[in-house]
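# Examination of the molecular architecture
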Amino acid sequence: MKLALIRSAYMSLRAHQVRPGSRFTGFSRRCLPIGITSSRLSLRAASATSSTGTNPKLTGNFGVQSQKGDESDYDNHVRKVVQSTREAIVTLQKRNPAIQPLLAILQAGEDDSMLEINKKMAVKIGLNITQICLVKECSEDDIVEELLKLNDDPKVHGIYLHLPPASITSRVLNTLKPEKDIEGISDLNMGRLIRGDLSKGFVPPLASAVLDLLENHDTPLEGKTVLLVGGEGPLQLAVQCLIERSGMVTLKSHWSSKSLQAQVMQADAVVLLDVGNMYVPPTWIRPGAAIIYCKPALEKDENAFGLSSKSGLESLTAAYRTQNVVRSCSRWLKGQEYRPWHLSSLKLQPLTPVPSDLEISRAQIPKPVDQLAEEIGLLPEELEAYGRSKAKVRLSVLERLQSQPNGKYILVAGITPTPLGEGKSTVTVGLVQALSAHLRLNSFACLRQPSQGPTFGVKGGAAGGGYAQVIPMEEFNLHLTGDIHAITAANNLVAAAIDARMLHEATQSDKALFNRLVPSVNGVRKFSPIQISRLQRLGIRKTDPASLTPEEINAFVRLDLDPSKITWQRVVDTNDRFLRKITVGQASSEKGQIRETGFDIAVASEIMAILALADSLGDMKNRLARMVVGTSRSGQPITAEDLGVSGALAVLMKDAIKPTLMQTLEGTPVFVHAGPFANIAHGNSSVLADKLALKLVGQDGFVVTEAGFGADIGMEKFFNIKCRASGLRPSVVVLVATVRALKMHGGGPNVSAGAPLPREYTDENLSLVAGGCRSNLRKQIQIAHLFGVPVVVAVNVFKTDTQAEIDLVCQIAKECGASDALPCNHWAQGGRGCSELAQAVKEAASKPSDYQFLYNTEMSIVEKIRTIAQRVYGADDIELSPEAKTKTDYYHQQGYGSLPICMAKTHLSLSHMPDKKGAPTGFVLPIRDVRASIGAGFIYPLVGTMSTMPGLPTRPCFYDIDLDPVTEEITGLF
């Protein structure tokens, strides 16, 4: 598109000259303030009277300068509108000092008449103006393209289309955002005017000006006749609507009408629309009648009666135009405030027996995601839709709602997991369905995105189950919005950069490396910003490549990575045991740079942990830069920033940082974001998802998030790692337990996947239940109390449970210190089956808690590990291997000693021994190794042998998964 001119920058009262084709960049990307605000401008109150000193009569031609009285009265009208608009701006800026209303004029050609008129009015009021001048022969596409930019610019509050009538097509009007249509010409705004609903629309400024003059005529016109001449279209319709609503009677005529003279002579007032070269002889106007010419002020017509080059309604129209801009700005500010929820629930009709998860999910039609977003107070521009049922939510919500108090923060954890399952995800979903759909309280679930490894392996998905699910569950459990793929790409880019850098350093001289790392482009050699950062970390305060000494060049180009101390591995989101250890560099082209490495599953990448812990895009970028990928031969840590790759990683992750909005079976909102494992990472969904949700639910709402595995793993890391990073404090812990799992912790026999359950788990056995409650359940409640947070126990009911067993669990849980304990039937009944739990959580959250961390981060690494082992796991002590002891000393030396601890240990026992159920005691916890995720911000000790790449079982889940090529429906997913 050809832009001939953008003009509107006025510093003080003088206009700067702008060359055709130029753009301003002062006030915003496309706008620059005129430089005069209400605080700097003193509007002079000019008093104009007639030459006789008497008050003027509003008769004849309004706004005509040849009649001094009319001119004075007309000026009074303008001054009143200006004054009220200035007062409105002052009120706005008291609430938000940074706000500055902005009018954008979009026109064809370089005629400055409209800019001059509106500029003068803007100076009086304290308004900003930008002018976009397209070429005179601009196309409809040109106009639409420019309109879309103005629509999306939050600094623009009003758009005036100063275009030929033929250019204002239906497509152009449909493109113009109604909220910025301050001329009131779009179909929606015109419909609002006719219906009398002006709470969101605008009255056309010219129509307001005409009505103002008619209403202030010296003879009351109520009940009198007003003749409208010419002007077919929106303007005539708007004027007619306003006049009739004010109690006057309208008649319409055309310039070509043979009875025009008679109609004019009989009218009490005449409004001439689209005057053109037409005029009304003074002999046609009866005494005392009002006549208003609606003609462009700078369009000269010496033949028109009483008109001069300065006559017309332009000043009053411009005043009302600016008033509409300020009104639009005020509405925009109001729209930025917190919006109460208007959530419509989806109805459930549970069936017996309960169908498969996939059948239940497919039977419920989710709400369109834009409808869900509107119901929970998100703005359209804060949503990035991925199909019909899911969308990314922009982080700008946090800035918009920064003054909004947070809601209540609820953590769902569980007892130590068993192969029988506990159902934390189903409880999380059932709880928010109960809170929102049944108790009518705002609530949000924040869940981790599942890895496709377990989805196609043995565990299955993580969308919940039964009638407590996130839908569509196929989308939830598969690619979702591609976050894990972005992590895979970013992680493997780092791995490729490591091997490539080692190859190039091994095969090139310092000079050759330097010339390639800092190439000469068009005869100019300069460092990139990330290279300057490396120089500064090396203590080299130079920016000119030519000024570096040979020693400085050597330090700059040589990372000198030790191949045996590279800690970074490649990742893939598939359970592939044969990638656990591989050899790379065997091709002859790699010149002997052979080394052993391996693959982790994608969610084990440090980048996943960073995504989950970052609280902004800038924070994520800094964390990515700090990631340590290995150690140099001299013992110095080498970071992603040293490799020069951290900026590219931020680019790959820029969309992944936005949480994904979905919904439950009952239409309540869910954020799905990040998915670090809990045994090898910290096992929680993202900080950003929680922060966004806490703002959106409001002060009396609830955000329910889940910690992976048992309370000793996921919950401990939630408190000590995630809460430190976020600054958030939970109100309640919901501890999930099942009768079957408690029986195993109470001494029940082991079970195998796919094998029939022993009778101990299908028949009533109160002894085993009591044993599990008084060992594992009691210990997990105590762990939560270490952090000063109240506990509500949720008993996830299975059909094999007896009432006596359920009652016993609830009784012992309360004896062990739980605030309450209740059975939950959400799997079979949806939110209704979790209503009692929701009420208990609400009551517990209303009581004050005494939150505290388990340890001070300034303690030594060894003491922090010992504190977790003894107070959380119940160990007598810890035992560090020589390698682990060496690593802890090294991390202290490098300044990493104050980082929190993320224990990597089995999730199947409180101890390091997976077969030890209940609450083991009398053991020493062995620490085999200690590693660091500096970007994520924690030290992770390895307890025993921990695999970061799962394998596939003999019969993986993928045997049952298929696609119908006709209907495109997935079968056998779960």
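Residues numbered from 1 in each chain as written. Predicted model: local features only at pLDDT ≥ 70, side-chain atom pairs only at ≥ 80, totals over all residues. Heavy atoms only, no water.

### Remarks on the overall build of the protein
In terms of helices and strands, the protein carries 32 helices and 37 strands. A burial count over the protein gives 57% of its 974 residues as buried. Considering only contacts in the protein between residues 6 or more positions apart, those separated by 24 or more positions represent 73%. Distance between charge centres in the protein, computed from 105 positive and 98 negative side chains, equals 4 Å. (Helix = DSSP H or I, 4+ residues; strand = E, 2+ residues; numbered from the N terminus. Buried < 20%, exposed > 50% of the residue type's maximum accessible area, 1.4 Å probe, protein only. Contact = heavy atoms within 4.5 Å. Lys, Arg positive; Asp, Glu negative; His and termini not counted. Charge placed at Lys NZ, Arg CZ, Asp CG, Glu CD.)

### Overview of the UniProt feature "domain: Tetrahydrofolate dehydrogenase/cyclohydrolase catalytic" (unreviewed entry) in the protein
Feature annotation in UniProt places "domain: Tetrahydrofolate dehydrogenase/cyclohydrolase catalytic" (unreviewed entry) on residues 80–183, given in this structure's numbering. As annotated, residues 80–183 comprises 46% helix and 18% strand, and the C-alpha atoms at either end are separated by 20 Å. (UniProt positions renumbered as here; feature names shortened; annotations may be inferred.)

### Side note on the side chain of Ser208
By the element assignment, Ser208 lies in helix 6 (residues 205–215). Residue classification places Ser208 among the buried positions, given a relative accessible area of 14%. Once residues within four sequence positions are removed from consideration, Ser208 is found in contact with Val203, Leu242 and Tyr320.

### Considerations on the nonpolar core
Among the nonpolar cores identified, the biggest contains 148 residues, and Phe444, Leu661, Phe671, Phe719, Leu777, Val793 and Leu925 are the most heavily contacted of them. Here the element with the most residues in this core is helix 16 (residues 483–507); it accounts for 9 residues. When sequence neighbours within four positions are dropped, the list of residues in contact with Leu777 reads Ile415, Leu735, Ala737, Leu742, Gly772, Val793, Val809 and Ala813. Ranked by size, the runner-up nonpolar core spans 54 residues in total, among them Tyr74, Val78, Met114 and Cys241. (Core = buried A, V, L, I, M, F, W, Y, C linked by side-chain atoms within 4.5 Å.)

### With respect to the pattern of salt bridges
Following the criterion strictly, the structure yields 42 salt bridges and no others. A salt bridge links Arg759 to Asp763; the shortest N-O distance between them is 3.0 Å. Owing to a relative accessible area of 64%, Arg759 belongs among the exposed residues under this scheme. The exposure class assigned to Asp763 is partly exposed, which follows from its relative accessible area of 31%. (Salt bridge = Lys/Arg side-chain N within 4 Å of Asp/Glu carboxyl O.)

### Looking at the packing of aromatic side chains
Applying the stated rule across the entire model yields 14 aromatic pairs. Their ring planes at 75 degrees and their centres at 6.0 Å tell us that Phe514 and Phe556 sit as a pair that is edge-to-face. Of the two residues, Phe514 sits in helix 17 (residues 510–517) while Phe556 sits in helix 19 (residues 550–557), which places them 42 residues apart along the sequence. Residue class for Phe556 comes out buried when judged on its relative accessible area of 3%. Cluster of aromatic residues (ring-pair linked, three or more members): Tyr409, Phe718, Phe719, Phe787, Tyr851 and Phe853. (Phe/Tyr/Trp six-rings, centres within 6.5 Å; stacked < 30°, edge-to-face > 60°.)

### With respect to helix 22 (residues 646–653)
Burial in helix 22 covers these residues: Ser646, Leu649, Ala650 and Met653. Summarising the axial view, the buried residues of helix 22 lie within an arc of 100 degrees, below the 170-degree limit, and thus occupy one face. (Arc of directions from axis to C-beta.)

### Description of the state of the cysteines
According to the stated counting rule, one finds 0 disulfides in the structure shown. Of all cysteine sulfurs in the structure, the one in Cys824 sits closest to Cys810, which takes part in no disulfide; the separation is 8.6 Å. Given a relative accessible area of 9%, Cys810 falls into the buried group. (Disulfide = S-S within 2.5 Å.)

### Observations concerning the packing of helix 5 (residues 187–195) against helix 7 (residues 234–245)
Relative orientation of the contacting elements helix 5 and helix 7 amounts to 20 degrees, with a least axis distance of 10 Å. Overall, the two elements helix 5 and helix 7 adopt an arrangement that is roughly parallel. Crossing hand, helix 5 versus helix 7: left-handed. For the pair helix 5 and helix 7, contact is made by Met190, Leu193, Ile194 and Arg195 and by Pro234, Leu237, Ala238, Cys241, Leu242 and Arg245, respectively. Looking at the contact of helix 5 with helix 7, its residues break down into 8 nonpolar, no polar and 2 charged. (Axes fitted to C-alpha atoms, helices over the stretch in contact; angles between N-to-C directions. Parallel < 35°, antiparallel > 145°, perpendicular 65-115°, else oblique. Left-handed = near helix turned anticlockwise from the far one by under 90°. Nonpolar A, V, L, I, M, F, W, Y, C, P; charged D, E, K, R; others polar.)

### What about the environment of Thr455?
Here Thr455 lies in helix 14 (residues 452–456). On the basis of relative accessible area, Thr455 is assigned to the buried category, the value being 0%. A C-alpha to C-alpha distance of 9.2 Å links Thr455 and Pro956, two positions 501 residues apart in sequence. A distance of 3.0 Å separates a polar side-chain atom of Thr455 from the backbone oxygen of Ser451. (Polar contact = N/O pair within 3.5 Å; in protein donor to acceptor, adjacent residues only side chain to side chain.)

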